[in-house]
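What follows is the residue order along each chain.
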Amino acid sequence: MIINSRFFNRSELIGFVALGLVLFVILPLSLDVFRLNLVAKYLTYAFVAIGLVLCWGYGGILSLGQGVFFGLGGYCMAMFLKLEASSVENTKIQSTPGIPDFMDWNQITALPLFWQPFHSLTFTVLAIILVPGLFALIIGTAMFKRRVGGTYFAIITQAVAAILTILIVGQQGYTGGINGMTDLRTLKGWDIRPDHAKVILYFFEVFLLFGCILIAQFIRLTKLGRILVAMREQEDRVRFSGYSVANFKIFAFCMAAVFAAIGGAMFALNVGFMSPSFVGIVPSIEMVIYTAVGGRMSIFGAVWGALLVNFAKTSLSESFPQLWLFGLGALFIAVVLAFPNGLSGIWQDHVQSRIDRLISSIKKKSGSWASNSVADGAPAE
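Small disclaimer: the values here were computed from a predicted structure and weren't measured.

Attention shifts here to the environment of C254. Assignment of secondary structure puts C254 in helix α11 (residues 245-271). Classification of C254 by relative accessible area gives buried; the value is 14%. When the C-alpha positions of C254 and P321 are compared, they lie 36 Å apart, and in sequence the two are 67 residues distant. Dropping the residues within four chain positions of it, C254 is found in contact with G133, A136 and L137.

See the structure below:
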C-alpha cells in the first residue's frame, strides 16, 4: 500500500509501519493461539480509543459512555450469531425449538419481531453501523443543540450507560439478562471456535483496525479536523466565524460511536459472548483510560494504550486479583500528572526529538564531507 507523504509525517509513518510490523508479523509469529486471541480482544478496545481521539482529543468532547456503543455493536453481532446457534436442530430439547435458550427459559414461545431481521448478515452489518450511529445522533442533537457540554455532557453519557445496563439486565427474556448471550458458535455456517478460525479473525480484525486508522487520519487532516481542534480551543470564536459548532460536535460523537460499535462487534466474534458487563460505567471509564495513557491527541498512541493497559490489566488481575483496579487507577493518575500527553507525548518529547537531532547531525556531517570533497577537487556527484 502506497501512503502519500502528506498523509503521514515522518513520526506518524514510523508509527504506522511499527504498528503494522508488530500486529501483522511479530505477534502472530511469537504468540500461541490463546495469547493471540487475547491480543485480538485487546484490539477491540483500540477501535473505541481511536474514536475517542477524534471525539475527545480533537473535538474536546469527553464521553464517559462509550461502552454504550461498544455494547450496541456487540449485541447486534451477538444476536445474529445467537440465531445461527439456535436452529431447530440445535434446540430440539427446548420446549420451544428454534429460539435462543434464554428466551425458552423465560417462557417466551416465539421469536420477538425486532429479532427477526438479524437472521440476515447484511442487515446485521448495517445495524452495527446504523444503530449506534443513530443513537449517538439522537443524544448529540439533544445535548449539543442546547449547548450542553463539558462535565455535564460527561455525566449524562454516564447516566445513559447506567440506564442501558439496567435495561439489558431487566429484559432478560429478550437480551439474556446479566448472563448475556453465550454459546456463539458459527458465522454463516463457519465455526468460529477452532484455533485456525481465531487466527483468521485476528488478521481480519487487524485489517479492519488499520482501515479505521486511515479513516481517522483522513478526518484529522481535512478542514473538518482543523475545525474540531479550533472548536476545542476557542469554541465561541468558531461559532462567531459562522460555523455550526453543534453539527461538528455531533459528527465527531457519531464517528466515535461507530468506531466503538465496530470494536464491540469484533469482540462478540472473537470472544464468543456478549454481556452487559461491557456496557456500563466502569468499562466506559476504562476506555477513556486507554486513550489517556496512549495519548488523546495520537491515533497510534491510542492503539498502543489499549494494548498496554489491557496487558497490564490481565497481568495484574492474574497476580493480584484484588488490587488490579487500584493499579489501573494509579496508572491513570500517574500518566495525567507526569505525562499529560500519554505515551505519544513521551515519544515526541524524548524519543522523536533525539531521532531528529541525530538525523540533522548526520545531514550536517554528510554536507560537510561533500563540500570538503569538492574543495579537494573530487567530483561532487
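Next, the rest of the story.
Where helix α8 (residues 195-221) contacts α11, the axes come no closer than 10 Å and their chain directions differ by 175°. The angle between α8 and α11 falls in the class roughly antiparallel. Contacts between α8 and α11 involve K198, L201, Y202, F204, E205, L208, C212, I215, A216 and I219 from the first element and F251, M255, F259, I262, M266, L269 and N270 from the second.

Time to look at the pattern of salt bridges. What the rule picks out here adds up to nine salt bridges. Measuring nitrogen to oxygen at the nearest pair gives 2.6 Å for the salt bridge that ties D183 to R185. A salt bridge links R193 to D191; the shortest N-O distance between them is 3.0 Å. In this structure D191 comes out as partly exposed when scored by relative accessible area, which is 26%. When salt bridges that share partners are traced, they join E235, D236, R239 and K249 into one network.

In this section: the nonpolar core. Core analysis: the biggest nonpolar cluster contains 115 residues, and L23, L43, Y202, L209 and V303 have the highest contact counts within it. The element that contributes the greatest number of residues to this core is α11, accounting for 20 residues. If we ignore the near neighbours within four places in the chain, the residues touching L209 are L23, L43, A46, F47, I50 and V303.

With that out of the way, let us pick up unusual backbone geometry. One non-glycine residue, Q107, lies in the positive phi region at around 60°. Examined against the element boundaries, Q107 turns out to sit in the loop between α4 (101-105) and α5 (121-144). Residue class for Q107 comes out exposed when judged on its relative accessible area of 65%. We note that K188 has phi near 55°; this positive angle belongs to a residue other than glycine.

What follows is about the packing of aromatic side chains. Summed over all chains, the structure comprises 22 aromatic pairs. A centroid spacing of 5.7 Å and a plane angle of 65° characterise the contact between F70 and F267, whose relative ring orientation is edge-to-face. You can see F70 sitting in helix α3 (residues 66-85) and its partner F267 sitting in helix α11, a full 197 residues away along the chain. Just as F70 is buried, F267 falls in that class too.

Reading the values: the criteria
- Residue indices follow the written sequence of each chain, beginning from 1 at its first position.
- Only residues with pLDDT of 70 or above have their local features reported here, since the model is predicted, and side-chain atom pairs are shown and tallied only from 80 upward, although totals for entire chains, interfaces and linings are computed over all residues.
- Working from all heavy atoms in the structure, the side-chain values ignore hydrogens and water.
- Note on conventions: DSSP H or I runs of at least 4 residues are helices, E runs of at least 2 residues are strands, and numbering of each starts at the N terminus.
- A 1.4 Å probe rolled over the protein chains alone gives each residue an accessible area, and that area as a share of the maximum for its type sets the label: buried under 20%, exposed over 50%, partly exposed in between.
- Here, residues are in contact when the closest pair of their heavy atoms is within 4.5 Å.
- Think of each axis as a best-fit line through the C-alpha atoms, taken over the contacting stretch in the case of a helix, with angles from 0 to 180 degrees between the N-to-C directions.
- Our angle categories are set so that under 35 degrees counts as roughly parallel, over 145 as roughly antiparallel, 65 to 115 as roughly perpendicular, and the remainder as oblique.
- In what follows, salt bridge is the name for a side-chain nitrogen of Lys or Arg lying within 4 Å of a carboxyl oxygen of Asp or Glu.
- By nonpolar core we mean a set of buried residues, namely Ala, Val, Leu, Ile, Met, Phe, Trp, Tyr and Cys, connected to one another through side-chain atoms within 4.5 Å.
- Aromatic pairs are defined between Phe, Tyr and Trp rings, using the six-membered ring for Trp, whenever the two ring centres lie within 6.5 Å; interplanar angles under 30 degrees are classed as stacked, those over 60 as edge-to-face, and all others as tilted.

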